[in-house]
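So you can see what is in the structure, the chains are spelled out below.
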Amino acid sequence: MALNSDKFLQCGVCSCSITSPKLLSCLHSFCQTCLRDQGGSHVVTCPTCHQPTEKAEVKDNKLLSDLQSKLDILRQIGRVGYLSCSCCNASAGSMCFECEKFLCQKCFEAHQVFIAKDSHLVESLESLKVMSSQEFLATARKKRQPYCPNHDKETISIFCRTCAKSICTTCTVLMHKPPDHEYRDIKQEAQEQKDNLHKMCTKLCKKEDAFKDILKKLLNLKGDHQSQKKELEEQIKVSVKEAVRKLEQKGEDLLKELEGIYKGMDAKMSKKLLHMEDVQKRIEGSKDLVEKMIKYATDEEVMEMQAFVKSSLQQLQRSKPGNANTLDFTVEFKKTDLEQLNLLGSLMVSKDIATGTNLETSTPIKTKRERQDDEDIKPGTSLASEPPPKRPYTPSLEKPGFSPASLNALPPNVGQQSDDSLLDYNDDDCEETQSGTSDMLNSGEENDGDMSASQSHLNSSFFKPNLNIETCTLVFFDLETTGQERAPDIIQLSAIGQDKIFNISIRHSQHFRGSLFHLVQTKTRTEALTAFLAFLRALVQPTILVGHNIWKNKCPILCRHLDELGLKDQLQESVSGFLDTESLARDNLKGKDIKKFSQQDLAKVLLKKSYPAHNTLAAVRNLQELYQSLRPAQEKHLFSLVQLEAHISLQPLVLAMAVTKPSAQTLAQQGISLETMKRAYQEDPKKGLKHLLRHLLNELGPSKLSTIVRNAQTFFFNQS
């Protein structure tokens, strides 16, 4: 007998037969020991599709466990020529699937007498040996009657909808009495659930085609980009050979510039490819599990697993493949013999989106800032006369290929001055920096000064959301955590927007002040934060998230938890900007005799009310009243996720006392992250940071700026 190998019963980590199978939220299953190797994190990451799952949500896959045990029996039958009777050790000739025993002829006859009315299924061993694994599983599972765990010899035939539990007829009399309990025949209920699962899987197959198409396009684009990159490298090398000796260094800079562009583009495309492949794997895994449930699962197992499986399938249904063309771009090498600072030429990057138009800015690298309506926006262009976009795109500072801040990570020796001092600023430097930066940001014309892309940086208005507060949906929110530890857990999250209320407590166990303090509420962390993002998406866009002390405290905590679950990108899609009422209060209450600006103190002074501690929903309503008393809010009070992430990234410099907290805030408002500074330092340890930060000379002053540069250089030197 040849036993067909079934990958469905193999662990994707160890590639062996799965043992103690565990089912994740992505519907992939693995050995319990293979998942345990991930360490002490409270989140389990799927080794196949990288979908995170809270450990509390990991379930035992009883279907796989039972299938594996049945196949073990089939292997035993096919492997051993002689099988002993389970009752008397004589030669066995048949097997009872209900009793799971091998029987000789005498024991078979006695067995049939004693259980005649129970209709046990008995098959000869010869007939079992010629069965395939699929036939054996269908015979062993479909014809076996499940018995009630509470009442001996009572078969399960009813499903209680009220309790969501499979029961027997005796249960309906003793524990599940009508009219408090609604129930129906389990075969009808299970068939209905199988039909629903089949419909969901059919719809998922249609979506799978869209993901396959985008995946194919992305792979083709990546290959085209590599070919294009090689051609451009050859053009640059030829141009370098034609130049005089003093231009050879410039040629090297252009190669580095090209590498930086493609590195950033490839990073984002690789992330998109990985996401497409992960979703594809989740779809395949989901289809496989549903197929096995429909084919092999008992009614009881269907009813036990269907809610969990439906939830995962619905999450997949909400996934959108996106558009591969948004990652397409072209780079041109334009040779010139006239430009004083760029004698070899420059790299022109254009990103081909729906309009097919290209954007050229004043710096050697031409980038495009995206908006949802596919319009091209030049950095520094005023949008006051335009209606606010639904979701303004704010580039991430951690993706060098797409971030305007990444311009500062390019080689700082392009067009640098000849002085070798660490930071030698004089009055002429101040004038040049001020006028050069102003020209570049405000007029969009080329700067005639001695500044390259690495020496200039966009001002904070580029990173701030281009929004009109009066036309946006304001979402007031608050959260409560377990305490003041370094990485606190969120235990309650509330929000109000457009008269819609979101209020949820998060289930967890936390060691609290020497005792075990249990909070068992409605949702796990994943469920709660996913529901919060869905709440934000359901509101009229664009939305502004409003909270008190969110710049320094609450938003970093929220971002950390979302990042751990792989949900932070969804926050950027759902929220267009943030507004901290603490900053608003400090600005609008200048000159008044108010020294403390906590929400508790402001509520007491302005609202004549006490602050509702440990009740986030009441605190949100209190925040709404406080905001009304502090109006008007202006666009300068807004900040973006880019600025927030930059501020979070700079905290190691603050902890190392390399920069002060106010200085870190100034850097973050300019979109300068720790990674941006690190790249500038690595490109030119002596002058990279100086050129990156020189546009802040007027704001910080020569002395403070020199200190920041010197301390940051020491910080990065010690790191390396």
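Above this text is the structure in question.
Not measured: the values here are computed from a predicted model.

Definitions and limits used
Residues numbered from 1 in each chain as written. Predicted model: local features only at pLDDT ≥ 70, side-chain atom pairs only at ≥ 80, totals over all residues. Heavy atoms only, no water. Pairing = 2+ DSSP bridges. Helix = DSSP H or I, 4+ residues; strand = E, 2+ residues; numbered from the N terminus. Axes fitted to C-alpha atoms, helices over the stretch in contact; angles between N-to-C directions. Contact = heavy atoms within 4.5 Å. Phe/Tyr/Trp six-rings, centres within 6.5 Å; stacked < 30°, edge-to-face > 60°. Buried < 20%, exposed > 50% of the residue type's maximum accessible area, 1.4 Å probe, protein only.

**Topic: the sheet that holds strand β9 (residues 158-160)**
On the basis of which strands lie adjacent, the open sheet formed by three strands has the order β10-β9-β11 and antiparallel pairing. One side of each edge strand has no neighbouring strand; the edge strands of this open sheet are β10 (165-167) and β11 (183-185). Looking at each pair of strands side by side, their axes are set apart by 30° on average, direction ignored. In the sheet, β9 pairs with β11 via three bridges, with the strands oriented antiparallel. Within β11, the position partnered with Ile-158 by the bridge is Asp-185. Across the sheet, helix α7 (residues 186-242) lies against β9, β10 and β11, angled at about 90° from β11, the strand it touches most.

**Let's talk about the packing of aromatic side chains**
Overall, the coordinates contain seven aromatic pairs when judged by the stated rule. Consider the rings of Trp-551 and Phe-639, whose centres lie 4.9 Å apart with planes at 75°: the pair is edge-to-face. Taken together, the positions of Trp-551 in helix α13 (residues 550-564) and Phe-639 in strand β21 (residues 638-639) put the pair 88 residues apart, joining distant regions of the chain. We classify Trp-551 as buried; its relative accessible area is 9%. Residue classification places Phe-639 among the buried positions, given a relative accessible area of 6%. Taking 5.3 Å as the distance between ring centres and 15° as the angle between the ring planes, the aromatic pair formed by Phe-578 and Phe-639 counts as stacked. With Phe-578 in strand β20 (residues 577-580) and Phe-639 in strand β21, the pair connects residues that are 61 residues apart, well separated along the chain. A residue is classified by how much of its surface remains accessible, and Phe-578, at 2% relative accessible area, is buried.

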